[in-house]
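Structural overview for review
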Amino acid sequence: MPLTSDQVEKFGPRRSGLYEVKVERRLIDYPGGRSAMVHYGTSDENAPSVREALYRDWLSPEVAENRLAWEEYGPLGWRFALTSDVAAEHARRMTQFVERFGRAPWGNGEAVGI
């Protein structure tokens with residue numbers, strides 16, 4: 001789905017979970033290969049639903065500059081997963097990404113602790 005306020009409002013779950021943000025048309029260089037992945041994010045105590053987490057992390061005015069920088073690669077898209085153990089699923093996906101591509105997604109920074 002396109003990462004827009006309209007799409008997040010319409011399809012963003014009002015439940016806890018995790019989400020992925022990807023570039024739609026171009027692959028990003030990582031040490032171990034190329035991927036469309038930009039960021040893995042989660043709901044948390046400050047944003048208890050996937051919808052709120054997406055607004056906070058990608059659609060709020062405070063992060064507009066970051067979003068626009070990634071949009072230079074092409075349109076951003078997102079998808080979500082609902083899970084009973086958000087932290088464990090996020091850690092699993094991050095670990096798999098690091099093992100395959102040699103670092104965390106660029107949008108997650110260095111992701112210490114993986």
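Residues numbered from 1 in each chain as written. Predicted model: local features only at pLDDT ≥ 70, side-chain atom pairs only at ≥ 80, totals over all residues. Heavy atoms only, no water.

**Topic: the overall build of the chain**
Quick reminder of the rule: Strands are runs of DSSP state E lasting at least 2 residues, helices are runs of H or I lasting at least 4, and numbering of each runs from the N terminus. Any pair of residues with heavy atoms lying within 4.5 Å of one another is described as a contacting pair. With residues, only the protein chains shown are counted as cover, and all accessible areas are computed by Shrake-Rupley using a 1.4 Å probe.
Looking only at helices and strands, the chain has four helices and five strands in total. For the chain, the succession of helices and strands along the chain, N to C, is α-β-β-β-β-α-α-β-α. Taken along the three principal axes of its C-alpha coordinates, the chain extends 35 × 30 × 20 Å. Within the chain, residue pairs in contact and separated by at least 24 positions form 65% of the contacts whose partners lie at least 6 positions apart. Summed over all atoms, the accessible surface of the chain reaches about 6,500 Å², with 49% contributed by carbon and sulfur.

**Focus: helix 4 (residues 86-101)**
The α-helix winds at 3.6 residues per turn, so residues separated by three or four positions along the chain end up facing the same way. To keep it simple, the criterion reads: In this scheme, a helix's expected span is set at 1.5 Å multiplied by one less than its residue total. Buried, partly exposed and exposed residues are distinguished by accessible area as a fraction of the type maximum, computed with a 1.4 Å probe on protein chains only: under 20%, between the cut-offs, and over 50%, respectively. Arc definition: directions from the helix axis to the C-beta atoms.
Helix length check: helix 4 (16 residues) gives 22 Å between terminal C-alpha atoms against 22 Å at 1.5 Å per residue, within 8%. Residues Val86, Glu89, His90, Arg93, Met94, Phe97 and Phe101 constitute the buried set of helix 4. Taken down its axis, helix 4 places every buried residue within 130 degrees of arc, on the same side. Opposite the buried face of helix 4, at more than 90 degrees from it, the exposed residues are Ala87 and Glu99. Two residues or fewer past helix 4, Gly102 is found with a positive phi of approximately 85 degrees.

**Overview of the nonpolar core**
Just so we agree on the cut-off: By nonpolar core we mean a set of buried residues, namely Ala, Val, Leu, Ile, Met, Phe, Trp, Tyr and Cys, connected to one another through side-chain atoms within 4.5 Å.
Leu3, Tyr19, Val21, Val38, Leu54, Trp58 and Leu76 are the most contacted members of the largest nonpolar core, which totals 23 residues. Broken down by secondary-structure element, the contributors of at least two residues to this core are strand 1 (18-23), strand 2 (28-30), strand 4 (37-42), helix 2 (50-59), strand 5 (76-81) and helix 4. A per-element tally of this core places helix 2 first, with five residues. Once residues lying within four places of it in the same chain are set aside, the contact partners of Tyr19 are His39, Tyr40, Gly41, Thr42, Val50, Ala53, Leu54, Asp57, Trp58, Arg79 and Phe80.

**A short note on the sheet that holds strand 1**
Put simply, the rule reads: Pairing between strands is defined by DSSP: at least two bridges between them are needed. Working convention: axes come from line fits to C-alpha atoms, limited for helices to the stretch in contact. Angles between N-to-C directions cover 0 to 180 degrees.
The strand order across the open sheet formed by three strands is 4-1-5, and the pairing between neighbours is antiparallel. Looking along the sheet, the strands with just one partner apiece sit at the ends: strand 4 and strand 5. Looking at each pair of strands side by side, their axes are set apart by 20 degrees on average, direction ignored. Note that strand 1 and strand 4 share five bridges and pair antiparallel. The partner of Glu20 across the bridge, within strand 4, is Tyr40. Across the sheet, helix 2 touches strand 1, strand 4 and strand 5, and the angle it forms with strand 1 is around 45 degrees. Helix 4 contacts strand 1, strand 4 and strand 5 of the sheet and is inclined by roughly 160 degrees relative to strand 4.

**Examining the environment of Arg100**
Counting through the fold element by element, Arg100 comes out in helix 4. Separated by 65 residues in sequence, Arg100 and Ser35 place their C-alpha atoms 10.0 Å apart.

**Considering the pairing of strand 1**
By the criterion of burial, strand 1 is predominantly enclosed, with five of the six residues buried. Relative to strand 5, strand 1 runs antiparallel, the two sharing six bridges. The partner of Tyr19 across the bridge, within strand 5, is Phe80.

Remember that the coordinates give geometry; whether it matters functionally is a separate question.
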